[in-house]
Amino acid sequence: MNTLKRIVDYIKDRKVSWQLPYLPSLDILLQNEDNINSELLDIVCKNIQNLIYEEQTNHLFGIGSVFEDLLIYNAFVFYVERSLNTKDTQYHFMLFPAMTEDSGVSEIYYQEEEHKHVFMMELKETTIPDRKDMFIVLCHELAHYVGSDIRCRNYRLDKLYNIYSRLTIIGIKTLFTRIQKNDRTVKIFDFENEAWDQVEQNLSQWIKLYYERETNPKFVEEICINEYNECDEDLVKYSKNNKEHMFFILSTMKDSIRDMIKYKSAVIFEPIITQCFENLDYDKREKLIQDCTELILIDTHPENSIFSFSSAFSYIEYILKESYADLVSVLELELTPDQYLHCLVSQNPLKNPRRYTVKICARIALVVYTMSHVDNDLPTGYRWDDEKLIKILCTDTEEGKVLNAVYEFIYNTIPKSYFENSNAINELYDNVYMILFDKVILNEIFEYFSMCRKKFYTSKLKGLEKVRTFFTEEEHEGYLQEYEDQLKVT
C-alpha cells in the first residue's frame, strides 16, 4: 500500500475535524496518481504527515491553536470559492503551514474533461495566528484562480495589445536615445513626430493578429504537420487550454514583437522615415530600415537590444495579476483602505519605506486609484471615501507611510507623460521599470481594473454576504458546523 493510500485511509478512519477538509483533494490525487508529478505528490504527503505527527506530539511550531486555525481557514476558503466560482469547475485547496517568506499556491492536478483543479496552498507560518490578515491573504490567493467571469479576459487581452505595443515603441525610442550620440543612423530621428502614433497602432494590430493566429487550433495543427509530419494533439490542447493565461500571453506577445522587428521592420520604420525624410530614394530608405533593425536586434551589445526591456513585460504581468487579486479581495470582503494597507504591511514589513515606491507601491497605487474613482453606475460601497484615505495619510503609522508613498506615486508619476519632459528619456532609461510611468499604459491598466470592479458588481455573486460576515465576525461555530456537514455530504 502506498503512502497516499495510507494517509487517505487514516483520515477516513479517524474522522478528525481538521483533517477532513483534505480528503476530497487527496481522493482525487489518489484516483489520478499516475498522472501527477511525483515530486509534488511527495510534498503533499509529507505536509500531511507532518501535520498528523505534530498533532500527536502536540508541539506544532509552538502554536497550540493551529489546527483550529486551519479548520477555520479551510471553511473560509470553501465559502469564498463558492462565492467567486460562477462555473461548473471544481476547485480544491489544501492548506499547509510553511516556513516561507510569502504565502503561495501551487497547482497539483488539473483534469480538463471534468474541470477539476487541486491546489496546494502554503501559508506563511508567522502570520497564521493573525486571522483577519490571513483571511485577506486567502481571498487574494483564491482570486488568482477562481472567478473567471470577473477577470474580463477578452477585455484584458485588448488592453495588452495596446500596452505591449506602447512598451515596444518606448523601448525603441529609449534605445535610440541612448545610442544616438554615437550613431549617425538614429541621430536624425524626431521622437516627437506624430508618425510614431501610427506605428504604435500598426504594432498593436500586428500583435493581435499574431496572437489570434498562434492560438488558432487549425494553425497549430498545420504547423505540427509541416514541421513533424503529424499532428501533436498535446500541443494543440496546450495552446487551447492556456491561451487566456498570462504566462502564455506574455510569451506569445514577446514572440510576436520579435518576429515583427526581425521580418517586418518596414512596418515600424517606414512611416517614420517617410515623415522625417521626404525625398529619400528607395535604396537609401531600405538601407536605413535595415540599419535600424540591426541596432534593435544586435547581439554584440545585448544591453542595447530592445529585448533588454523584456523584464518590463514581466513587470506588467506582475501588476495585472497582483493588483487584480488585491482588488477582488477588497471587493469580496468590503475592505476599508486601512484594512487593505495593514494586511500588505504585515505581509511586507516596512523596514525601508523606499521599497514601497517601486514594485509594491505601483501594485497598491492601482488598487487605491481604482477604488477612489467615482463610477455613477456603482453604489457607494464600491469606492473608498476620500476622507478615510486622508485620515490614514495624516497618521504616523506604517499604513500612513505606505499610503503617502502611494499618493506620491499617483499624483507625481501617473499624470506625467513619458515624453512631456524633454529630459525624461535621459533620466529614466537606466531603470527599465520606469517606463511603466507612462500615463497611457497606466490608464489602460486602470480602465481594465475599472471594468473588473463593475463586473464584480453586475455578477451578483451568490454567498457574498456569508463571506463578508465570516470575515467580520469573531466567532465561527455556525459556519464550521455547516462546513463540516457539507464535507460529510461530499
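Residues numbered from 1 in each chain as written. Predicted model: local features only at pLDDT ≥ 70, side-chain atom pairs only at ≥ 80, totals over all residues. Heavy atoms only, no water.

## Some words on the side chain of Ser165
Then step 1. Within the fold, Ser165 resides in helix H7 (residues 153-179).
Then step 2. Classification of Ser165 as buried rests on a relative accessible area of 0%.
Then step 3. A distance of 2.5 Å separates the side chain of Ser165 from the backbone oxygen of Glu200, its partner in a polar contact.
Then step 4. What Ser165 contacts, discounting residues up to four positions off in sequence, is Glu200, Leu203, Ser204 and Ile207. (Helix = DSSP H or I, 4+ residues; strand = E, 2+ residues; numbered from the N terminus. Buried < 20%, exposed > 50% of the residue type's maximum accessible area, 1.4 Å probe, protein only. Polar contact = N/O pair within 3.5 Å; in protein donor to acceptor, adjacent residues only side chain to side chain. Contact = heavy atoms within 4.5 Å.)

## Quick look at the packing of helix H17 (residues 359-372) against helix H21 (residues 439-458)
Then step 1. Closest axis-to-axis distance for the H17/H21 pair is 10 Å, and the angle between their directions is 60°. In terms of axis orientation, H17 runs oblique to H21. Taken as a pair, H17 and H21 cross one another with a handedness that is right-handed. Side by side, H17 and H21 meet where Leu366, Tyr369, Thr370 and Met371 of the first sit next to Leu442, Ile445, Phe446, Phe449, Ser450 and Arg453 of the second. (Axes fitted to C-alpha atoms, helices over the stretch in contact; angles between N-to-C directions. Parallel < 35°, antiparallel > 145°, perpendicular 65-115°, else oblique. Left-handed = near helix turned anticlockwise from the far one by under 90°.)

## Quick word on the pairing of strand E3 (residues 116-124)
Moving residue by residue along a regular strand, the side chains alternate between the two faces of the sheet.
Then step 1. Within E3, 8 of the 9 residues are buried, leaving the element largely enclosed by the surrounding structure.
Then step 2. Across 9 bridges, strand E1 (residues 90-98) lies against E3 in parallel orientation. Each residue of the ladder has a partner; that of Leu95, found in E3, is Met121.
Then step 3. Examined bridge by bridge, strand E2 (residues 104-111) and E3 share 7 bridges and lie antiparallel to one another. Bridge pairing in E3 links Ser106 to Met120. (Pairing = 2+ DSSP bridges.)

## Re the pattern of salt bridges
Proximity of charged atoms lets side chains of opposite charge pair with each other.
Then step 1. Under the definition given, this model contains 17 salt bridges.
Then step 2. Taking the shortest distance from any N to any O, the salt bridge between Arg131 and Asp69 comes out at 2.7 Å. Within this pair, whereas Arg131 is found in helix H5 (residues 131-143), its partner Asp69 is found in helix H4 (residues 66-84), the two being separated by 62 residues in sequence.
Then step 3. Here Arg131 falls in the partly exposed class, since its relative accessible area comes to 22%.
Then step 4. With a shortest N-O distance of 2.7 Å, Asp326 and Arg363 are connected by a salt bridge. Here Asp326, found in helix H15 (residues 310-333), pairs with Arg363, found in helix H17; they are 37 residues apart in sequence, far enough to count as distant. Side by side, Asp326 and Arg363 carry an identical accessibility label, which is buried. (Salt bridge = Lys/Arg side-chain N within 4 Å of Asp/Glu carboxyl O.)

## Quick notes on the packing of aromatic side chains
Then step 1. By the definition in use, this model includes 23 aromatic pairs.
Then step 2. With centroids separated by 5.5 Å and ring planes inclined at 40°, the aromatic side chains of Tyr448 and Phe449 adopt a geometry described as tilted.
Then step 3. Among the aromatic residues, ring-to-ring pairing joins Tyr73, Phe76, Phe78, Tyr79, Phe135, Phe470, Phe471, Tyr479 and Tyr483 into one connected group.
Then step 4. Over the ring of Phe471 we find Lys132; its NZ or CZ atom is 5.6 Å from the centre of that ring.
Then step 5. Positioned above the aromatic ring of Tyr457 is the side chain of Lys460, whose terminal nitrogen or guanidinium carbon lies 4.1 Å from the ring centre. (Phe/Tyr/Trp six-rings, centres within 6.5 Å; stacked < 30°, edge-to-face > 60°. Lys NZ or Arg CZ within 6 Å of the ring centre and 35° of its normal.)

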